[in-house]
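# Report on the structure
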Amino acid sequence: MEQLSPRGFAVSELAIEVFRANGALLAAGDALARPAGLTSARWQVLGVIDHAPATVAEVARTMGLRRQSVQQTADSLVADGLASFTDNPRHRRAKLLDPTAAGRRALAEVERAHAEWAETLAASLDPSQVEAATAALRALSTALETEGSR
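### Considerations on the nonpolar core
With 22 residues, the main nonpolar core has Leu38, Trp43, Ile49, Val59 and Leu77 as its most contacted residues. Elements with a contribution of two residues or more to this core: α1 (6-33), α2 (40-49), α3 (56-63), α4 (67-79) and α5 (101-122). Ranked by residue count, the leading element in this core is α2, at five residues. Other than its neighbours up to four places away in sequence, Leu77 contacts Leu38, Arg42, Val45, Leu46, Leu82 and Ala83.

### Observations regarding α3
Within α3, burial applies to Val56, Val59 and Ala60. Along α3, the residues classed as buried sweep out an arc of 100° about the axis, all on the same side. Exposed residues pointing more than 90 degrees away from the buried face of α3 are listed as Arg61 and Thr62. Where α3 is buried, its residues touch α2, α4, β1 (83-88) and β2 (91-99).

### Things to note about the environment of Leu96
Structurally, Leu96 can be placed in strand β2. Residues Leu96 and Phe9, 87 residues apart in the sequence, show an inter-C-alpha distance of 43 Å. In this structure, Leu96 is in contact with Pro53, Ala54, Thr55, Ser84, Phe85, Thr86, Asp87, Asn88, Pro89 and Arg90, ignoring residues within four places of it in sequence.

### A look at the pairing of β1
Taken together, the five bridges between β1 and β2 define a ladder with antiparallel strand orientation. Residue pairing for β2: Ser84 is matched across the bridge by Asp98.

### Considerations on α4
Here α4 spans 18 Å end to end across 13 residues, near enough to the 18 Å set by a 1.5 Å rise per residue. Listed as buried for α4 are Val70, Thr73, Ala74 and Leu77. The arc that holds every buried residue of α4, seen down its axis, measures 100°, which confines them to one face. When the buried face of α4 is taken as reference, the exposed residues oriented beyond 90 degrees from it are Gln68, Gln72 and Ala79. With its phi angle positive at about 75°, Gly81 sits one or two positions after the end of α4.

### A few points about the pattern of salt bridges
Side chains that differ in sign of charge can pair as their charged atoms come close. A complete count under the given rule lists six salt bridges for this structure. With a closest N to O distance of 3.0 Å, Asp80 and Arg42 form a salt bridge. Of this pair, Asp80 sits in the loop between α4 and β1 while Arg42 sits in helix α2, and the two are 38 residues apart along the sequence. Where Arg90 meets Glu58, a salt bridge forms, and the shortest distance between an N and an O atom there is 3.3 Å. You can see Arg90 sitting in the loop between β1 and β2 and its partner Glu58 sitting in helix α3, a full 32 residues away along the chain. By relative accessible area, Arg90 is classed as exposed at 61%. Overlapping salt bridges bring together Asp50, Asp98 and Arg104 as one network.

Analysis parameters
Residues numbered from 1 in each chain as written. Predicted model: local features only at pLDDT ≥ 70, side-chain atom pairs only at ≥ 80, totals over all residues. Heavy atoms only, no water. Core = buried A, V, L, I, M, F, W, Y, C linked by side-chain atoms within 4.5 Å. Buried < 20%, exposed > 50% of the residue type's maximum accessible area, 1.4 Å probe, protein only. Helix = DSSP H or I, 4+ residues; strand = E, 2+ residues; numbered from the N terminus. Contact = heavy atoms within 4.5 Å. Arc of directions from axis to C-beta. Pairing = 2+ DSSP bridges. Expected span 1.5 Å × (residues − 1). Salt bridge = Lys/Arg side-chain N within 4 Å of Asp/Glu carboxyl O.

Functional significance is not addressed by these values, which are geometric in nature.
This is the structure:
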């Protein structure tokens, strides 16, 4: 393997920890969402469109995902009556994804469970470390987005 500088090694270690945390967060999210009949992915999509209907492409950009994976999730939400596609006045072909009343109820159920979970987890973490980690992850995301646009 290529020798890494100390800074390169630190970034590599950060990436590994992000992957581990992502897996743990997805598992926790699935456990929180399961009683409401959702998965982490479905919860995330409903969370985006809860504020305003959006196209699948807009949801994908907001979440930093590929449109195709969001399309699959959107289709499953529609099939289960948790969201619907509505006409988009700005674009004839790109329909808007909008939560249904059942989707909003499921989202509210998960958000209640999430609030309790977040408070419990927060009690075991140092607030300054959480703030520093958040800032570091934002900087990492910005650097990755900049690198990807080259």
